[in-house]
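# Examining the three-dimensional arrangement
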Amino acid sequence: MDTVVSGIRSTGNLHLGNYFGAIKNFLKMQRENNCYFFIADYHALTTHPKPEDLHGNIKQVLAEYLACGIDPEIATVFIQSDVPEVSELYLLMNMNAYVGELERTASFKEKIRKQPDNINAGLLTYPVLMAADIIIHKANKVPVGKDQEQHLEMTRRFARRFNMMYDVSYFPEPDAYNFGEQLVKIPGLDGSGKMGKSEGNGVFLADTPQEIRKKVMRAVTDTGPAAPVQEPTEPVKNLFTIMNVVSDQDTVKFFTEKHAACEIRYGDMKKQLAEDIIKFTDPIRTKINEILADNKYLAKVAANGAEKARESASKTVREVRKIIGYRSF
Ligand code: TYM
């Protein structure tokens, strides 16, 4: 049985990228493995959310997790900040993470570009906290989207470095895991880049059908293929990528053939895509609202999850302290 850890930041509602990049795999894994799925609300602090929003964001993401089908009876579902042991392991791991390698991380470089007024040390050490999240449960599998691949490589490196430094084989080196498929990157509706929480290019699981139709109809395309059997341009390819995960294969085939024959009408394609997204998200949205209304249930899930996660985390921290050389008097 594998031990699986994966998390999602609580900086915004879950979108199709989160679902098809990560959650879909959580659902497949939860029955047969020892799974820890959590809400990364320490990581969320790197963007400085307002205190009055923090709890609501966490609650929303927890409800969305559960509405997707993550089962807290079989997986350990918890909030990162309910497990303070992770901050101790983060501190310890920071001693073996080098500033040079952290500065070279793609996500850090991107943040410098995107938020030049807030290049905090938490952004620099973000991959160390993520590694601590994973190795604290000694996970060997981590279901994530393509964008987290480098962070996972760093996790492996930190685990390996710890083992070598103390001459132990304590931490496993965890693999990204997507059932033998390529790691997924769901693009946004803006014609370039990945779908994100704050990029303004996403379709959220909690969006109403009206919102979805509006967003999809506004998606960037091109002026149409100029010659038969021409490769779709980037923005159109992106729409096909989304269609591939939400629509049935006949629909994808139909529009692919229309494109290849130079007969495609993007308006028709978008209409179909919007309806297929709605068909997929509508039951989830109904569930989100049901779960959000049940505060008692959410509180119980969070408390049970925290207890189970702390049990595993505190064991690891105890053992790590011993390996490092801490002793009681
Ligand atoms: P986050 O919150 O940005 O995304 C959560 C998960 O969704 C995946 N994802 C995507 N997959 C495909 N296409 C997209 N457009 C897309 N957008 C997001 C991400 O790959 C991720 O699996 N650092 C992490 C959270 C984290 C974590 C961890 C994950 C903290 N600790 C430990 C795994 C293990 C993050 O910001 O993900």
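Here's what I pulled together on the structure shown here.

What counts, and at which threshold
- Residues numbered from 1 in each chain as written.
- Predicted model: local features only at pLDDT ≥ 70, side-chain atom pairs only at ≥ 80, totals over all residues.
- Heavy atoms only, no water.
- Phe/Tyr/Trp six-rings, centres within 6.5 Å; stacked < 30°, edge-to-face > 60°.
- Helix = DSSP H or I, 4+ residues; strand = E, 2+ residues; numbered from the N terminus.
- Buried < 20%, exposed > 50% of the residue type's maximum accessible area, 1.4 Å probe, protein only.
- Lys NZ or Arg CZ within 6 Å of the ring centre and 35° of its normal.
- Axes fitted to C-alpha atoms, helices over the stretch in contact; angles between N-to-C directions.
- Parallel < 35°, antiparallel > 145°, perpendicular 65-115°, else oblique.
- Left-handed = near helix turned anticlockwise from the far one by under 90°.
- Contact = heavy atoms within 4.5 Å.
- Nonpolar A, V, L, I, M, F, W, Y, C, P; charged D, E, K, R; others polar.
- Expected span 1.5 Å × (residues − 1).
- Bend = angle between axes of the 7 residues up to and from the residue.
- Salt bridge = Lys/Arg side-chain N within 4 Å of Asp/Glu carboxyl O.

Moving on, we come to the packing of aromatic side chains. On inspection of all chains with the given rule, the structure shows 10 aromatic pairs. Ring centres 5.2 Å apart and planes at 35° place the aromatic pair Phe-20 and Phe-280 in the tilted group. Residue Phe-20 is located in helix α1 (residues 16–29), and its partner Phe-280 is located in helix α12 (residues 266–292); the two are separated by 260 residues in the primary sequence. Looking at Phe-20, the relative accessible area reads 7%, which means it is buried. Among the residues examined, Phe-280 registers a relative accessible area of 22% and is labelled partly exposed. What links up through ring pairs into an aromatic cluster is the set Phe-162, Tyr-166, Tyr-170 and Phe-171. Cation over ring: Lys-138 sits above Tyr-170, and NZ or CZ is 3.7 Å from the ring centre. Positioned over the ring face of Tyr-326 is Arg-321, at 4.8 Å from the centre of the ring.

Now for the packing of helix α10 (residues 234–246) against helix α11 (residues 249–260). At their nearest, the axes of α10 and α11 sit 9 Å apart, and the two run at 160° to each other. On the basis of the axis angle, α10 is roughly antiparallel to α11. The way α10 lies across α11 gives a crossing that is left-handed. Where α10 abuts α11, its residues Val-236, Phe-240, Met-243 and Asn-244 lie against Gln-249, Thr-251, Val-252, Phe-255, Thr-256 and His-259. Residues that form the contact of α10 with α11 fall into these classes: 5 nonpolar, 5 polar and no charged.

We now examine α1. Compared with the 20 Å implied by 1.5 Å per residue over 14 residues, the 19 Å span of α1 between its first and last C-alpha is a close match. A maximum bend of about 40° is found in α1 at Ala-22. Burial of α1 is extensive: 11 of the 14 residues sit out of reach of the surface. Leu-16, Gly-17, Asn-18, Tyr-19, Phe-20, Gly-21, Ala-22, Ile-23, Asn-25, Phe-26 and Met-29 are the residues of α1 that are buried.

Glancing now at the pattern of salt bridges. A complete count under the given rule lists 18 salt bridges for this structure. Of the charged contacts in the structure, one is a salt bridge between Glu-110 and Lys-114, with a shortest N-O distance of 3.0 Å. Of this pair, Glu-110 and Lys-114 are both found in helix α5 (residues 106–114), 4 residues apart, which corresponds to roughly one turn of the helix. For Lys-114, a relative accessible area of 46% gives the class partly exposed.

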